[in-house]
Amino acid sequence: MNGQDRPEDRLKANRAEFDRLIELAESDADRGREDAAAARLQSAARFAWFNHPGVFRDARWERAAARIAEHAGASTGSGFPSTTDHVIHVVTQAYELGGHTRLIARWIENDAERTHSLVLTGQQGLPVPAGLRAAVSDSGGHVIDLGHTSSLVSRARMLGELAAGDARALVLHTHPYDVVPSLGLREAQTKVVFLNHADHVFSAGIDVADVVADIRPAGQRLSLAGRGVPPAASALVPLPLAAAPAVDREAARKALGVADESVVLVSIASEYKFGAVGEEHFAAVHGDLLARTPNAELLVVGPSPTGVWKQLSERTGGRARALGPRSDIAAIYAAADVYLDSMPFSSLTSLLDAALRGVPVAALTGRRTHTVLSADDLSFEGMSTEFREKEQYLAHLEHLIGDADFRRTRGLATREAVERHHVVPHWLSHVDALMARLGESAVEGAAAPGDVATDIDRDWLDAELVSFQVASGLAEPSWLAQLRDAPYAPLGMRLRAFNAVPRGHRLRSLTFLMPDAMRSRVKRLVRR
């Protein structure tokens, strides 16, 4: 981001486009075109997800959702034939890789006394991971994919019908853009929990929640100050973790080509979480570390071995390697001596998984610690895990690399702290407390953002977030956000979205002309 594209200018432009898309949705709703309006509103939220508009929740967006839901009519179903020990998990998409899907599977596996079902609002023909499907089945629940219709309004009605029964709770794990819950759960009989797993970005769905459950203290502070969630409707539910599988450390290191005498540093995250420029890039910082510690090797899972990662490998004589996405994550952890958090954006699930294995962890967070952009967690309160200053961070890592006893001591302390919050039976106490509260509070007339005093510097956070989205390549143009939602829209809107695609991108965009249900069936056929 250069001087002529300042964060404050980008924020204003993002807000203007966000408002424009909401206005289009309102216009469609006024004309009785609910399906078009729903797709437009989802595009607005999708755009805000990747292009921070300076808000984390928006009253106008929520009013538009309420209008569309009112025009579309109420649900008429009777819900799951369930018991009060039934928890319905709602997810937009479930993936083979990544922490989001693992979170849901671990919740179900750890909460073994309850029945769990899974509802998919936008799976788009992707296979549901076998482990997640098995966890649901083993609990006695069901997997329901709403994708047999392309209409978001119809999916919302079906979700509303599923929430009309007597289940204990409906937990939203949905993507920040997903409009289906905001349309379908306005009159839900089942209590709704919004699990704020993407606490650093704009999110849809809070408007229909009875309780907002944050996964870490920084997220909860932002929910209170930036999302207008009343304290009575706020809860904290740490990420659920499972015991690490037994893996032969020596075999894992040999398979990875690690020298016997090397101290192995590991970092695991999606490539975009390493998106920064200049000397702040993870590769530059840890290239300096490797220059000081000739007995260390660095393995980075997620990024492809190109660009800055190729340069880092060449600079270190191959002691630093980007491995790309991997499925053998357990073996990577088994080979690790020290875990490094991604930067400038934390990968909290990976960090906690490493800590649970007794691997000491460290994070360089730059100017601020304990924010939604850093390695904030209940487990790390009072521990020296996050570092603001590069030299202090590098000195700590040099100590870990050079002193095996210090590594063991730090690793054991971190593991014990993580177990106290993230592993059964301790983690279940957070869930049981959440379930007990569902009949006591509701998100009604949420306080205006900023009414609750916190230590959050919103100007700093807004600027950091929008700068990160640009530097990492996450920021997407509006035409792309609208194209992604075209399959949920009527034909005329799909054609207009396609016509807005720049010519160099049109060939790859042809599939978006198909309705989502048809497009999903084609994907399944091709996969066979």
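Here, the structure is the one placed above.
Counting of residues starts from 1 at the beginning of each chain's written sequence and follows it residue by residue. Totals for whole chains, interfaces and linings use every residue, but because this is a predicted model, local features are given only for residues with pLDDT of at least 70 and side-chain atom pairs only at 80 or more, for both listing and counting. Side-chain metrics in this entry use all non-hydrogen atoms of the structure; hydrogen atoms and water are not considered.

Draft legend 1. Representation of the overall build of the protein chain within the structure. Scanning the protein chain from terminus to terminus reveals 21 helices and 13 strands. Over its C-alpha trace the protein chain gives a radius of gyration of 23 Å, about what one expects of a compact globule, namely 24 Å for 528 residues. Based on the C-alpha atoms only, the size of the protein chain along its principal axes is roughly 70 × 55 × 55 Å. By the burial criterion, 56% of the 528 residues in the protein chain qualify as buried. Note on definitions: a residue-residue contact is assigned when non-hydrogen atoms from the two residues lie within 4.5 Å. For the protein chain, the share of sequence-separated contacts (at least 6 apart) that also reach a separation of at least 24 residues comes to 73%. Where helices and strands are cited, they refer to DSSP runs of H or I of at least four residues and of E of at least two residues respectively, numbered from the N terminus. For a compact globule the rule gives 2.2 Å times the number of residues to the power 0.38, and the radius of gyration it is set against comes from C-alpha atoms. The classification of residues rests on relative accessible area computed with a 1.4 Å probe and restricted to protein chains. Under 20% of the type maximum is buried, over 50% is exposed, and intermediate values are partly exposed.

Draft legend 2. Highlighting the nonpolar core. The term nonpolar core refers to a set of buried residues drawn from Ala, Val, Leu, Ile, Met, Phe, Trp, Tyr and Cys, joined through side-chain atoms within 4.5 Å. Within the largest apolar cluster, 53 residues are counted, with the highest numbers of intra-cluster contacts made by Phe 18, Leu 41, Trp 61 and Leu 170. For this core, the elements supplying multiple residues, two or more each, are helix H1 (7–30), helix H2 (34–50), helix H3 (59–72), strand E1 (86–91), helix H6 (152–162), strand E4 (169–172), helix H7 (180–184) and strand E5 (192–196). Take this core: its biggest share by element is nine residues, from H2. Leaving out residues up to four positions away in the same chain, Trp 61 has contacts with Phe 18, Ile 22, Leu 41, Ala 44, Ala 45, Val 179, Ser 182, Phe 202 and Ala 204. Judged by nonpolar contacts, the second largest core, of 47 residues, contains Leu 239, Ile 332, Ala 355 and Trp 427.

Draft legend 3. Here's a closer look at the sheet that holds E4. The seven strands are arranged E3-E2-E1-E4-E5-E6-E7 in an open sheet whose pairing can be described as parallel. A single partner strand is all that each edge strand has here, and the edge strands are strand E3 (143–145) and strand E7 (234–236). Geometrically, the sheet is characterised by an average inter-axis angle of 25 degrees between neighbouring strands, direction not taken into account. In this sheet, strand E6 (residues 211–214) lies alongside E5 in parallel orientation, the contact comprising four bridges. Directly across from Asn 196, in E6, lies its bridge partner Asp 214. Axis lines are fitted to C-alpha atoms, over the contacting stretch for helices. Their N-to-C directions set the angle, which ranges from 0 to 180 degrees. The strands touched by helix H4 (residues 99–110) within the sheet are E1, strand E2 (115–120), E4 and E5, with E1 carrying the most contacts at an inclination of about 175 degrees. Across the sheet, helix H16 (residues 426–437) lies against E1, E4, E5, E6 and E7, angled at about 160 degrees from E7, the strand it touches most. By the convention used here, strands pair only if DSSP detects at least 2 bridges between them.

Draft legend 4. Summary view of the environment of Leu 132. Relative to the assigned elements, Leu 132 resides in helix H5 (residues 130–138). On a C-alpha basis, the gap between Leu 132 and Glu 96 in space is 9.2 Å, while along the polypeptide they are 36 residues apart. Among residues more than four places away in sequence, those in contact with Leu 132 are Ala 94, Thr 101, Ile 104, Ala 105, Ile 108 and Leu 118.

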